[in-house]
Amino acid sequence: MFNIFEKDFEEKRLFFLKRQLKYCKNNSRFFSEMFEKNQISIDKIDSLQKWKDLPVLMDKKKVRDCQEDSMELNNHSFGSHLCAPLEKVIYVYSTSGTTGNPSFYCFTKNDFKVHTDLVKRVMKFTGLKEGDSIMWGFGLGNFVATSLLPILADMGVRVIPVGADAGTERLIQYTKLARPDTLIGTPSFLKYMIEKVPSITGKNVADLGFRRIITGGEPGAGLTDVRNQLLNAYDAPIYDLYGPANQFANISCGTKDYHGMHVLGSDCGIWEDIIDPITNEPLEIRDGVIGNMVITEIKKEATPYLKYAMNDIIQVFTEECECGNPGPRIKVLGRADDMLIVKGVNIYPSAIQNIISKYSEELSGALKIHLDRDPPLVTPPLRITAELSKKFNKIKHDILIDRIQEKIRNILRVKVEISLVPFGSFERSVRKTVLIVRDDIIQ
Ligand SMILES: [Zn+2]
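Residues numbered from 1 in each chain as written. Predicted model: local features only at pLDDT ≥ 70, side-chain atom pairs only at ≥ 80, totals over all residues.

S.K.: Help me understand the pairing of strand S12 (residues 290-297) in this model?
M.R.: On any regular strand, side chains alternate: one points to one face of the sheet, the next to the other face. Burial analysis of S12 places seven of its eight residues in the buried class, the great majority of the element. When strand S10 (residues 269-275) meets S12, the two strands line up antiparallel, connected through five bridges. Pairing of Ile274 across the sheet is with Met293, part of S12. Sheet analysis places S12 next to strand S13 (residues 308-317), joined by five bridges and oriented antiparallel. In the strand pairing of S13, Ile290 is matched with Gln315. (Buried ≥ 20, exposed ≤ 12 C-beta atoms within 10 Å, placed from the backbone. Helix = DSSP H or I, 4+ residues; strand = E, 2+ residues; numbered from the N terminus. Pairing = 2+ DSSP bridges.)

Below, the structure is given as structure tokens:
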């Protein structure tokens, strides 16, 4: 790791960027054709700014296309952007693949070393150290988080890989027996635990004794009210994790209030390449700027991402953090393709989720936003179904509906129509929770 405050930090990144570009060009027809098509001459990229000024080159769809191409050309599904020989690929993870085929992401031995380094950085930032013990509350399927398991063990951390898919009951049983001090999982699952634990143990979730909670996989721990709900229920610091599989690694600090995630992987990737989600125009990096994050990996051998639009809308903070740790921070506001425009107002489902979380007595926090055509444009009212809490299942709801509708109108300036459904109507996900449903498409 080189120090981001060193004078020649940006020069070093430029060196690694150019080395990466040359490597991609020389080892993959996909990249050499991409450079040619976009008239990119590597020699002319003499500053990071020149790279940032170029248009987006890759996204999820492009990677899917690469995978289809490589199936035809090379008889494997790992993508025509694979720059290393397949025999050198030692680890593969895939995105959830809820629609169509999964997207693969490959690591060579060296890639896994970089990944290991980044995972260790974020985990150490939370104070996790040799001798500690972690309960695995993510799913155990072939998705990215699972790659953290061998790394945690390598740190000397005792890993209890029960997994959310084993069910809450099993997870609690193992927690009582193995006494892990740290719990990791999606915010949705951690919230579900708050509801579920009392009916299984007769006690609150805080009584399980976790001293540290790490969340990831979806925004949530960065939403004030969701965060407060987790903090109060678990009575332990909450760390919000983002990355680190794509050669950038981010984690929030343990302060009571949320100040975004500290960016800890600037030496392995270029992340401060932010574009307007509507016009795709590059945005200047300054405190508070909001946009779609475009990343470029600069130490990647297997399937590199170059100017890859993450589809995550982030906000950047450059002012010093309350915790005293220097460097920039980012906050994930939501998915770019989840952004809704209701009468000219940009709304992210996470903002609605945050308001719904304010009613933790009356509502479970689970919700769905209903659309009847392609986003982002929505004709008001925006239709939302929220699930009641266990306690409030049988109470008259008219006043509650009015209160929530007014609250959302006051905060987000959009008209909404709320319907309430009984507790338990919505399935809990151990992966990413789907907030938007299309009523015009049969699922
Ligand atoms: Zn901080």
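S.K.: I'm lost on the sheet that holds strand S16 (residues 345-347) in this one. Help?
M.R.: The strands that make up a sheet pair up through hydrogen bonds in the backbone, lying either parallel or antiparallel. If you walk across this open sheet you meet the three strands as S16-S15-S18, and the pairing is mixed. One side of each edge strand has no neighbouring strand; the edge strands of this open sheet are S16 and strand S18 (377-378). Bridging between strand S15 (residues 340-342) and S16 involves three bridges; their strand directions are antiparallel. The partner of Val342 across the bridge, within S16, is Val345.

S.K.: Looking at this structure, I do not really get the sheet that holds strand S9 (residues 261-263). What am I missing?
M.R.: Read across the sheet, twelve strands follow the order S4-S3-S5-S6-S7-S8-S9-S14-S13-S12-S10-S11 without closing on themselves; strand pairing throughout is mixed. Edge strands, defined here as strands with exactly one partner in the open sheet, are strand S4 (158-160) and strand S11 (282-283). Taken together, the two bridges between S10 and S11 define a ladder with antiparallel strand orientation. Across the sheet, the residue bridging to Ile275 is Pro282, located in S11.

The values are spatial; any link to function lies outside them.
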